[in-house]
Amino acid sequence: GGAGGTGGTGGSSCGNVVINEVSPDGASGSDEFVELHNSGTCVQSLSGWTLKYSSALGSTPSTVWSAASDSIPAGGYFVLGGSGFGGTKHGAMTGGLAAAGGGVGLFDGATLKDGVAYGSASSTHPFIEGTTPTPTIPANQSAARSPNGKDTNNNATDFKIAVRTAGAAN
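About the criteria used
Residues numbered from 1 in each chain as written. Predicted model: local features only at pLDDT ≥ 70, side-chain atom pairs only at ≥ 80, totals over all residues. Heavy atoms only, no water. Helix = DSSP H or I, 4+ residues; strand = E, 2+ residues; numbered from the N terminus. Rg over C-alpha atoms; globule rule 2.2 N^0.38 Å. Buried < 20%, exposed > 50% of the residue type's maximum accessible area, 1.4 Å probe, protein only. Contact = heavy atoms within 4.5 Å. Lys, Arg positive; Asp, Glu negative; His and termini not counted. Charge placed at Lys NZ, Arg CZ, Asp CG, Glu CD. Pairing = 2+ DSSP bridges. Salt bridge = Lys/Arg side-chain N within 4 Å of Asp/Glu carboxyl O. 1 Å grid on protein atoms, 1.4 Å probe; cavity = no way out; pocket = protein on both sides within 12 Å on 5 of 7 lines; lining within 4 Å. Points joined across faces, edges and corners; volume = space filled by probe spheres on them. Nonpolar A, V, L, I, M, F, W, Y, C, P; charged D, E, K, R; others polar. Axes fitted to C-alpha atoms, helices over the stretch in contact; angles between N-to-C directions.

Colleague: Any chance you could explain the overall build of the chain here in plain terms?
Modeller: Looking only at helices and strands, one finds one helix and twelve strands in the chain. In the chain, the succession of α and β elements from N to C terminus is β-β-β-β-β-β-β-β-β-β-β-α-β. A globule of 170 residues ought to have a C-alpha radius of gyration of about 15 Å, and the chain, at 15 Å, matches this closely. With the C-alpha coordinates aligned to their principal axes, the bounding extent of the chain is approximately 45 × 35 × 30 Å. Put simply, the chain has 170 residues, and 45% of those count as buried. For the chain, restricting intrachain contacts to residue pairs at least 6 apart in sequence, the fraction spanning at least 24 positions comes to 56%. Charge centroids of the chain, computed over 7 positive and 11 negative side chains, lie 2 Å from each other.

And the structure:
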């Protein structure tokens, strides 16, 4: 929050939410999830936040999740799952993520907070950080931040292909 707001000091926020893990394809195409992680020191309200998806070619992003009165505790995880995701989820994604490539962007209102492009996404994808997307994500695996929560704004170095760990450290 801002100065005087919950958790705010001098206009800075103590919450730090990033896209921590992306899995566009599990046992089925709808067995997909995006995990958010708050590596900050206080609870982060997600009121007004959205997750948007754009195809590998960088089509106009569509909203696949909108927060209600959700929040993430300090050090916590928040899993957004597709209709076929069988794990514990905090929110449901509408639409789907293409397994071959695409990207997701996390927005606080109109402000892009974090983005990840993967697979066949172009180097000009609206959600890419750096110039190279993460590799194509095989079925039943994910692109996971390594180390957990670290964001250097370069998808190619921030993420590795790994075992799915929705709701837990990578």
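Colleague: Is there a simple way to explain the pairing of strand β5 (residues 62-66) in this structure?
Modeller: Moving residue by residue along a regular strand, the side chains alternate between the two faces of the sheet. Strand direction decides the pairing type here: strand β4 (residues 49-55) and β5, joined by four bridges, are antiparallel. Within the sheet, the bridge partner assigned to K52 lies in β5 and is T63. Counting the residues that bridge the hairpin from β4 to β5 gives six residues, and of these G58 lies at a positive phi of roughly 85°.

Colleague: For this particular structure, what's the right way to read the pattern of salt bridges?
Modeller: Summed over all chains, the structure comprises four salt bridges. Taking the shortest distance from any N to any O, the salt bridge between R145 and D114 comes out at 2.7 Å. A residue pair is termed long-range when its members are at least 10 positions apart, and R145 in strand β11 (residues 141-145) and D114 in strand β10 (residues 111-119) qualify at 31 residues. Accessibility classification places R145 together with D114 in one group, the buried group. For D151, the salt bridge is made with R145, and the minimal N-O distance between the two is 3.5 Å. On the accessibility criterion, D151 (27% relative accessible area) is partly exposed. Within this structure, D114, R145, D151 and D158 form a network of salt bridges that share partners.

Colleague: Even after reading the chapter, I still don't get the layout of surface pockets, so can you show me in this structure?
Modeller: Empty pockets left among the atoms are what a rolling probe the size of a water molecule brings to light. What the largest pocket holds in volume is close to 180 Å³. Surrounding the largest pocket, twelve residues form its lining, G15, N16, V17, W49 and K113 being those nearest its centre. When grouped by side-chain class, the residues that make up the lining of the largest pocket number three nonpolar, six polar and three charged.

Colleague: For this particular structure, what's the right way to read the sheet that holds strand β9 (residues 101-108)?
Modeller: Note on sheets: strands pair through backbone hydrogen bonds, and any given pair is parallel or antiparallel. Overall, antiparallel pairing links the four strands, which are arranged β5-β4-β9-β10 in an open sheet. Strands at the two margins of the open sheet, each flanked by one partner only, are β5 and β10. For this sheet the average axis-to-axis angle between neighbouring strands, irrespective of direction, equals 20°.

Colleague: Teacher, can you tell me more about the environment of A110 here?
Modeller: The residue A110 is located in the loop between β9 and β10 in this model. The class of A110 is exposed, set by a relative accessible area of 78%. Through-space distance from the C-alpha of A110 to that of G95 is 20 Å; in sequence the pair is 15 residues apart.

Colleague: Can you walk me through the sheet that holds β11 in this structure?
Modeller: Taking strand neighbours across the sheet as the criterion, the six strands line up as β8-β7-β2-β1-β11-β12 in an open arrangement whose pairing is mixed. Both outer strands of the open sheet, β8 (91-92) and β12 (159-163), are each paired with one neighbouring strand and no more. Inspection of the sheet shows strand β1 (residues 17-23) paired to strand β2 (residues 33-38) by six bridges, in the antiparallel sense. Residue pairing for β2: V22 is matched across the bridge by V34.

Colleague: Teacher, can you tell me more about the environment of P133 here?
Modeller: Relative to the helices and strands, P133 resides in the loop between β10 and β11. Classification of P133 as buried rests on a relative accessible area of 14%. Taking C-alpha positions, P133 is 7.8 Å from S120, a pair spaced 13 residues apart along the chain. When neighbours within four sequence positions are excluded, P133 is seen to be in contact with A117, Y118, G119, A121, I128, N155 and A156.

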